[in-house]
Amino acid sequence: MSRKITMIQAITEAMDQKLADDPRVMLLGEDIGINGGVFRATEGLIEKYGKERVVDTPLAEAGIMGSAIGLGLNGMIPVAEVQFLAFIYPGFEQIVSHAARMRYRTRGQYHVPMVIRTPFGAGIRGPELHSESVETFFTHVPGLKVVVPSTPYDAKGLLISAIEDPDPVMFLEPTKLYRAFKEDVPEEMYRIPIGKAKVLQEGYDLSIFAWGAMVRVALNAAKQIDREKGWKCEVIDLRSLYPLDREMIISSVKKTGRALVVQEAHKTLGVASEIISLINDEALMYLKSPIKRVTGFDVPVPQFSIEDDYMPTEARVKHGIEETIVY
């Protein structure tokens, strides 16, 4: 049975069901217990499972990450929350030097089953360091998986898969989408494989690749261009940034001959750059025009009054589609 819920409700439900299903699963993070988390993702869980499995931590990201790694190495499955992605920097060294390298360092003898949940992205009028999209930092690190849902259905299925994964997973939650819309989500547990993209709209004129909050922007732009010009764009939600679904990316570009990547992050050296490189390596001779990027700008995410000017918009995506197709 399914019912319509928001992304934040789907995330809460995934954690609730895994806490009930597996006694090794536990949550830790700042204010996740009594307060239910900054976005209320863990609301009600401490009352249900107790303070030993839903742990309020000090304001110390390095401590949260170090504790999660130790717990994972000793038989637990920690799900650590960092309040905003750009708050993670004090714990960055623990993630890249230890969590990501443990299986390699011990030649497979030890692994770290842990999930790091954190909201990311702009569009909510947050103050400085509350709206960053720095997913590239983590996709560059071997040993980490990086997952970004864009719908309530995907959020639940991907989070359950992340919790069950034997290695560390960065689970990036688009803040703007937490309560943006509802969709049908099954009540029972289900899993979406990590590393598999999803075709949201079939097309043959252009392939559009996006993730997180940019998926809806890309899809809306594609629908508008279809109504206005009759161009059929294939829209693909990557869902996993590491590993990328390389096969789907290449097969789509070979079909359409054109590609556009939409990312909220800064332009320079973003995930879009890797996608473009992949296409050039494996589908160059199929291209009818240069690959286009629609991205954020190489400036700190601005605050409040000009935040919308930083974000990729449907109008900017439409312009990118037009430039690519009429090249």
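Parameters and conventions
The written sequence of each chain sets the order in which its residues are numbered from 1. Owing to the predicted nature of the model, reporting of local features is limited to residues with pLDDT of at least 70; listing and counting of side-chain atom pairs is limited to 80 or more, with chain, interface and lining totals taken over all residues. Excluded from the side-chain calculation are hydrogens and water; included are all heavy atoms of the structure. Here a cavity denotes grid points, spaced 1 Å and computed from the protein atoms alone, that fit a 1.4 Å probe unable to get out, and a pocket denotes an open set having protein on both sides within 12 Å along at least 5 of 7 lines; residues with an atom within 4 Å of a point are the lining. Grid points are joined across faces, edges and corners, and a volume is the space filled by probe spheres set on the points. The numbering of helices and of strands both runs from the N terminus, where a helix is a DSSP run of H or I of at least 4 residues and a strand a run of E of at least 2. The classification used treats Ala, Val, Leu, Ile, Met, Phe, Trp, Tyr, Cys and Pro as nonpolar, Asp, Glu, Lys and Arg as charged, and all other residues, Gly among them, as polar. Two strands qualify as a pair provided that DSSP identifies no fewer than 2 bridges between them. For helices, the fitted line uses only the C-alpha atoms of the stretch in contact; every axis is such a line through C-alpha atoms, and the angle between N-to-C directions lies from 0 to 180 degrees. Working rule for contacts: check all heavy atoms of both residues, and any pair within 4.5 Å makes them a contact. What makes a salt bridge here is a side-chain nitrogen of Lys or Arg within 4 Å of a carboxyl oxygen of Asp or Glu, nothing more. Using a 1.4 Å probe on the protein chains alone, a residue whose accessible area is under 20% of its type maximum counts as buried, one over 50% counts as exposed, and one in between counts as partly exposed.

Engineer: Looking at this structure, I do not really get the layout of surface pockets. What am I missing?
Structural biologist: The method is simple in principle: a probe with the dimensions of a water molecule rolls over the atoms, and the space it marks as empty is what remains. Each pocket or cavity is described by its volume, and for the largest pocket that value is around 320 Å³. Residue lining of the largest pocket: 13 residues in total, with Thr139, His140, Tyr242, Val271 and Glu274 positioned closest to the centre. Put simply, the parts of the chain that give the lining of the largest pocket at least two residues each are helix H6 (136-139), strand E12 (240-242) and helix H10 (271-283). Take the lining of the largest pocket: its biggest share by element is three residues, from H10. In the lining of the largest pocket, the residues fall into six nonpolar, five polar and two charged.

Engineer: I keep staring at the sheet that holds strand E11 (residues 233-237) and nothing clicks. Help me out?
Structural biologist: The pairing of strands in a sheet happens through backbone hydrogen bonds and is either parallel or antiparallel. Taking strand neighbours across the sheet as the criterion, the five strands line up as E9-E11-E10-E13-E14 in an open arrangement whose pairing is mixed. Two strands bound the open sheet, and with one partner strand each, they are strand E9 (198-201) and strand E14 (292-294). Between one strand and the next, the sheet's axes are offset by a mean angle of 25°, whatever the strand orientation. As judged from the five bridges shared by strand E10 (residues 206-210) and E11, these two strands associate in the parallel manner. By the bridge assignment, serine 207 is partnered in E11 with glutamate 234. Where helix H9 (residues 246-256) meets the sheet, its contacts fall on E9, E10, E11 and strand E13 (259-262), and the angle it forms with E10 comes to roughly 155°. Helix H12 (residues 314-325) contacts E10, E11, E13 and E14 of the sheet and is inclined by roughly 160° relative to E13.

Engineer: In this structure, what is going on with the pattern of salt bridges? I would like to understand it.
Structural biologist: A side chain with one charge can pair with a side chain of the opposite charge if their charged atoms come near. In the structure shown here, the tally under the stated rule is 22 salt bridges. Of the charged contacts in the structure, one is a salt bridge between arginine 103 and aspartate 167, with a shortest N-O distance of 3.0 Å. Of this pair, arginine 103 sits in helix H5 (residues 102-105) while aspartate 167 sits in the loop between helix H7 (152-164) and strand E7 (169-174), placing them 64 residues apart in sequence. Exposure remark for arginine 103: the relative accessible area of 34% places this residue in the partly exposed category. A relative accessible area of 15% means that aspartate 167 is categorised as buried. A salt bridge links lysine 292 to glutamate 323, with the shortest nitrogen-to-oxygen separation between them at 2.6 Å. In this pair, lysine 292 is assigned in strand E14 and glutamate 323 in helix H12, connecting sequence segments 31 residues apart. The network of salt bridges with shared partners includes Arg3, Glu13, Lys156 and Glu187.

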